[in-house]
Amino acid sequence: MEERKTIIDYIEQVMKIFGFSIVMLNIFCLLFGESAREFSTMFALGKEGLRVVTMMQFLTLAVWITFCRFLFFTDIIIKNMGTVWRTICMISAILAVMVVYIMVFQWFPKDDWLPWVMFLLSFLVCFAISLAVMTFKEHSENKRMEEALEKMKRLNQMQEENRGKEENDGIRN
């Protein structure tokens, strides 16, 4: 059972996504900024860094991703949908918005196939990494909960055994 989230939890999630995105973009600026300067609005400053407008675009994208996660992975709006379908819907919604951003903000040329392939490849790699991390985290939490449950069972069993001994001692006296 998931604990109730507050607005601070959602802001924290937005900032995590935004921070990771900006760090990665800055690394790309250092590595490819000069060669991509004329190619993409994201790298308009070359190795010098990112424009404020680009960072704001990524902030709104982080808000969208967090909203999609809220929409598809809480039971507040969508009640009866399996995890696989929730994941497919979330990924589709995020991809759709990213395609719109790419076209509207001219992150790379619409008619050049190589950037699209690289975008999809990097998206899939990031998705696979985040899926692996989430799976590992869930597995660790489940294991910890199972261990706690076993500990509680042993404690309850010991308490019942002690009660039984006390009752037997009371009968003997």
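Residues numbered from 1 in each chain as written. Predicted model: local features only at pLDDT ≥ 70, side-chain atom pairs only at ≥ 80, totals over all residues. Heavy atoms only, no water.

(A) Representation of unusual backbone geometry. Here the phi dihedral of Gln106 falls at roughly 50°; this positive angle occurs in a residue that is not glycine. Checked against the element boundaries, Gln106 lands in the loop between helix H3 (83-104) and helix H4 (113-172). (Helix = DSSP H or I, 4+ residues; strand = E, 2+ residues; numbered from the N terminus.)

(B) How the structure looks around the packing of aromatic side chains. Tallied over the full model, the rule gives eleven aromatic pairs. Aromatic pair Trp64 and Phe67: ring centres 5.7 Å apart, planes at 35°, arrangement tilted. Of this pair, Trp64 and Phe67 both sit in helix H2 (residues 52-73), three residues apart, which is roughly one turn of that helix. Its relative accessible area of 28% is what places Trp64 among the partly exposed residues. Taken together, a centroid distance of 6.1 Å and an interplanar angle of 45° make the contact between Phe119 and Phe123 tilted. (Phe/Tyr/Trp six-rings, centres within 6.5 Å; stacked < 30°, edge-to-face > 60°. Buried < 20%, exposed > 50% of the residue type's maximum accessible area, 1.4 Å probe, protein only.)

(C) Quick look at the side chain of Thr74. Note that Thr74 resides in the loop between H2 and H3. For Thr74, a relative accessible area of 13% gives the class buried. For Thr74, the side chain forms a polar contact with the main-chain oxygen of Phe70, separated by 2.6 Å. (Polar contact = N/O pair within 3.5 Å; in protein donor to acceptor, adjacent residues only side chain to side chain.)

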